[in-house]
Amino acid sequence: MTKAASTADQRPYHHGDLHRAIVGAALDVLSESQSTEFSLRELARRAGVSHNAPYKHFADKRDLLAAVSAAGFELLAKKMSDATQHLDSPRERLAAIARAYVCGGVNNPALYRLMFGGYLAGQDNGRPAIERNAAESLKALLVDAISDGALGRLLPNTVANTREINGAILIFWSQMHGLTLLLVDHLVGPSEKADELSESVLQSMLDGLANVIPAIPAGVWVGPPPAG
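What counts, and at which threshold
Residues numbered from 1 in each chain as written. Predicted model: local features only at pLDDT ≥ 70, side-chain atom pairs only at ≥ 80, totals over all residues. Heavy atoms only, no water. Helix = DSSP H or I, 4+ residues; strand = E, 2+ residues; numbered from the N terminus. Contact = heavy atoms within 4.5 Å. Areas by Shrake-Rupley, 256 points an atom, 1.4 Å probe, with all protein chains shown as cover. Buried < 20%, exposed > 50% of the residue type's maximum accessible area, 1.4 Å probe, protein only. Salt bridge = Lys/Arg side-chain N within 4 Å of Asp/Glu carboxyl O. Axes fitted to C-alpha atoms, helices over the stretch in contact; angles between N-to-C directions. Parallel < 35°, antiparallel > 145°, perpendicular 65-115°, else oblique. Nonpolar A, V, L, I, M, F, W, Y, C, P; charged D, E, K, R; others polar.

In the annotation of an unreviewed UniProt entry, the entry for the protein chain reads AcrR family transcriptional regulator, and the organism field reads Rhizobium herbae.

The structure is reproduced here in structure tokens:
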């Protein structure tokens with residue numbers, strides 16, 4: 001055994017906040033490499049702990065990636081919230097949310113695909129609970145803007161309006177998700193125009209929703225899938 005290997009094996013298990021450190025290292029690697037093909041050993045090295053330490057917090061790589069996705073949702077929700085902090089108009093708030101959403105995906109496509117793609121879906125199409133819970137904060141920002149009148153009229157967040165609010169969110173999300181992937185895959189560009197493009201798409205969409213808000217069919221969910 002080499003001296004270097006011996007030193008690595010003797011790294012302590014304990015860390016001030018090992019869970020956060022490993023997730024932070026994974027976010028860094030994902031951003032740098034734009035690939036999920038990294039090992040827990042590599043993350044342990046970056047965090048300065050023994051290669052076995054991550055297994056104290058994560059059962060396997062999927063468990064780790066679920067935590068990374070949840071962190072991605074938390075970061076995106078904060079960007080959206082910060083972008084709307086000083087805006088009084090619900091329509092302007094929704095536009096700021098749209099810009100933050102699209103730019104988040106364009107700036108880190110690998111994290112975006114992890115959050116909104118099928119990588120973490122189980123055999124029953126369910127998603128990890130930690131991810132679902134974090135994703136709910138994004139939906140809440142949309143619900144607040146729509147309820148407050150972003151579509152041209154107040155739409156109180158009540159059970160009676162759930163299908164209509166979800167219908168509006170489905171239209172919004174479909175448009176913004178589609179635009180994000182088109183930009184990421186270089187089918188629309190340049191990416192530097194993401195703000196202007198999202199604004200143009202959003203305003204056209206809002207003009208349509210101001211006339212008709214489609215209620216989704218009964219039994220359809222929009223957003224984080226319900227627990228199975």
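Draft legend 1. Local environment of the overall build of the protein chain. Assigned secondary structure in the protein chain consists of nine helices and zero strands. Of the regular secondary structure in the protein chain, the N- to C-terminal order runs α-α-α-α-α-α-α-α-α. Of the contacts made within the protein chain by residues no fewer than 6 positions apart, 70% connect residues no fewer than 24 positions apart. As displayed, the protein chain has an accessible area near 12100 Å², and 53% of this comes from carbon and sulfur atoms.

Draft legend 2. Here's a closer look at the environment of threonine 36. On the secondary structure map, threonine 36 appears in the loop between α2 (18–33) and α3 (40–47). Given a relative accessible area of 16%, threonine 36 falls into the buried group. When the C-alpha positions of threonine 36 and lysine 61 are compared, they lie 9.6 Å apart, and in sequence the two are 25 residues distant.

Draft legend 3. Local environment of the pattern of salt bridges. This structure, assessed with the given rule, holds ten salt bridges. A salt bridge links arginine 91 to aspartate 207, with the shortest nitrogen-to-oxygen separation between them at 3.0 Å. Of this pair, arginine 91 sits in helix α5 (residues 90–107) while aspartate 207 sits in helix α9 (residues 194–211), and the two are 116 residues apart along the sequence. The class of aspartate 207 is partly exposed, set by a relative accessible area of 44%.

Draft legend 4. Expanded view of the packing of helix α4 (residues 61–84) against helix α6 (residues 109–116). The geometry of α4 relative to α6 is characterised by a closest axis approach of 9 Å and an angle of 105 degrees between their N-to-C directions. It follows that α4 is roughly perpendicular to α6 by the angle criterion. Only Leu111, Leu114, Met115 and Phe116 of α6 make contact with α4, whose side of the interface consists of Leu65, Val68, Ser69, Gly72, Phe73 and Leu76. Across the contact of α4 with α6, the residue classes break down as eight nonpolar, two polar and no charged.

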